[in-house]
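Report on the structure
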Amino acid sequence: MNLKDIEKLIKLVEDSGLSKLSVEEDGIKIELIKEAQEVVSYQPAPVVHQVSVPQAVAPSASAPLVAQVAVEPQNEAGVEMFLSPMVGTYYAQPSPEAPVFVKVGDKVKKGQSLCIIEAMKLFNEIEADYNGTIMEILVNSQDAVEFGQPLFKIKKDA
Amino acid sequence: MNSFAYKIYYFPEIGSTNDYALRNKDNLVFGDVIIADKQTAGHGRFDRKWVSSSVDNVYLTIVLGDYPYVHGISLFASIVLARVLGLFGIESKIKWPNDILVDNKKIAGILVQTVTQGDKSFSVLGIGLNVSLSNEEKLEIGTESACVGDYRKDLCKKDIVDTIIKSFFDNIVEWRSNGFLGIKNEYEIKSSLIAKQITVKCFQKELVGKVIGFSNTGEILIEENNKIVAVNSGEVVKVL
C-alpha cells in the first residue's frame, strides 16, 4: 500500500457516509475515523502517524495532507492515558456475573465507573474524571496492575 | 470518655450500610458511623450476599472519607475486632486478609470500599459481626459460622458496637503513625495461616505454598518452590 492508495482511501471515506474504515494489508493496518475535527489516523504499529484532513479546505485530489509523526501515543490529539491510582488486581466488572463496566467505543461521562482495583480487600471503584470515549482497554480482568500503569486510552470530549 | 466525637446514623433497616455511605458521600465525613439493625442487601466482596436478616447482629460502616492511609486498613480493622472480642473473653484468629474466626468458624467480615475520581477519594469501612445466629441462619450462610452468643450470651449489642467504634478511633492514631508495621507482630500471632500450607487464588492462577509471614505493609508472604512471593490480592481457598 503506498501513499496514493491511502489518499484514495481518505477521499473515499470523506465522500462517503462512512464514519470509520479499517483496511489491513501486508501487516499494515489502516484505520480511518471521521470525527468532528476530521482527524484521520493511519496506524502502523508501533509508531503512530497522523494524517489530518482539514474539512474546511475544499476537498480535492490536490488537498494538502498534513502529516504528523507521533512516537508517543499519548500525544494523539485529545487522547489521554487513564492511569491506575493504586497497585492491585484489576476487575472489569463489579461481580463475576455482571456485565463489564466499559467496552471499547463506549462514551463515558465524568463520574461513571470504569473498573475496580482491589488490594488487601480494599475495593476501589475507579470513576472517569472527564467525559470521553474509550479508545482502548490496556489490561485484562484480574490482571495485576501497578500504581500509575495505563488502564485505558480515552479520547477526551472537546 | 470518648477521645473522638463521632456522629452516628442509625437505621432500623437498610439495604447495606456501606452502600448508604457511598451514596451519601457528599454529606458524610471521616468519623461518621452508619449502623443498622437489619440489612436487606448486605454484601461482601463482589456483591456476595452477607446474610443479615437477624436484627441481633452488628452491621456498621465507619466513614473514612478522604482519609489517605487506607492501604491495608482492613487488616487494622481486623486487629481491632480481634482485640474487642478478646476484651469479651473470646479468643479469635484472623484469616488473611481480614476474616475473623473463632474455633475456625467465621464470626466477622470486613469490606473496605473506595470510590476514586481523579485525585479525590472517598472510603468506607464496613463491619459485619455475628452476635446471635440461629442454627437455621448458620445453615443459610453456607460457610461455617460462629456468633458472639455461642460464647457470651450476656452481652448486649449496643455495648459491642460502642466498644468496636471506640476501639477503632482510639487506635487509628497508632495506625496513622506506624501503619501495618505497628500491628505486624500482633497480626502474626493472631494469624490462622502462619506456617500453614495454603492455596491462594490470585490473578486467575493458584499459588500453593507455606505462609512464612507478612510484609511490612500487610502482604502475605508465601514460599513457593524456594521462592518467596508477596501477595496483596487474592483469596485463600485451601488451608492444609
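This brings us to the pairing of strand β10 (residues 122-127) of chain A. In the case of a regular strand, side chains alternate between the two sheet surfaces. Burial within β10 of chain A is extensive, with five of its six residues counted as buried. Where strand β9 (residues 113-119) of chain A lies against β10 of chain A, six bridges are found, and the strand directions are antiparallel. When the bridges of β10 of chain A are listed, Glu-118 of chain A appears paired with Phe-123 of chain A. Hairpin connection, β9 of chain A to β10 of chain A: the antiparallel pair is bridged by two residues, and Met-120 of chain A has positive phi, about 50°. One ladder, built from six bridges, connects β10 of chain A with strand β6 (residues 105-117) of chain B; its direction is parallel. Considered in β6 of chain B, the bridge of Ile-126 of chain A is made with Thr-116 of chain B.

Turning to the pattern of salt bridges, a few remarks are in order. All names here are of chain A. A complete count under the given rule lists 11 salt bridges over all chains for this structure. One salt bridge in this structure joins Glu-136 and Lys-153, with 3.4 Å as the shortest N-O distance. Here Glu-136, found in strand β11 (residues 132-137), pairs with Lys-153, found in strand β13 (residues 150-156); they are 17 residues apart in sequence, far enough to count as distant. Given the relative accessible area of 35%, Glu-136 is considered partly exposed.

On to the pairing of β13 of chain A, then. All names here are of chain A. In terms of burial, β13 is a largely internal element, five of the seven residues being buried. In this sheet, β13 lies alongside strand β6 (residues 79-83) in antiparallel orientation, the contact comprising five bridges. Its bridge partner lying in β13, Leu-83 is registered against Pro-150. When β11 meets β13, the two strands line up antiparallel, connected through five bridges. Of the residues in β13, the one forming a bridge with Glu-136 is Lys-153.

About the cut-offs
- Note on numbering: residues in each chain are counted from 1, in written sequence order.
- Written order decides the labels, with chains lettered from A and ligands numbered from 1.
- Two thresholds apply to this predicted model, a pLDDT of at least 70 for residue-level local features and 80 or more for giving and counting side-chain atom pairs, whereas whole-chain, interface and lining totals are computed over all residues.
- Only heavy atoms go into the side-chain values, all of them from the structure, while hydrogens and water stay out.
- Here's how the labels work: a residue is buried when its accessible area is under 20% of the maximum for its type, exposed when over 50%, partly exposed in between, all with a 1.4 Å probe on protein chains only.
- In DSSP terms, a helix is any run of H or I states spanning at least four residues, a strand is any run of E spanning at least two, and both are numbered starting from the N terminus.
- Here, strands pair whenever DSSP counts at least two bridges between them.
- One speaks of a salt bridge when a side-chain nitrogen belonging to Lys or Arg is within 4 Å of a carboxyl oxygen belonging to Asp or Glu.

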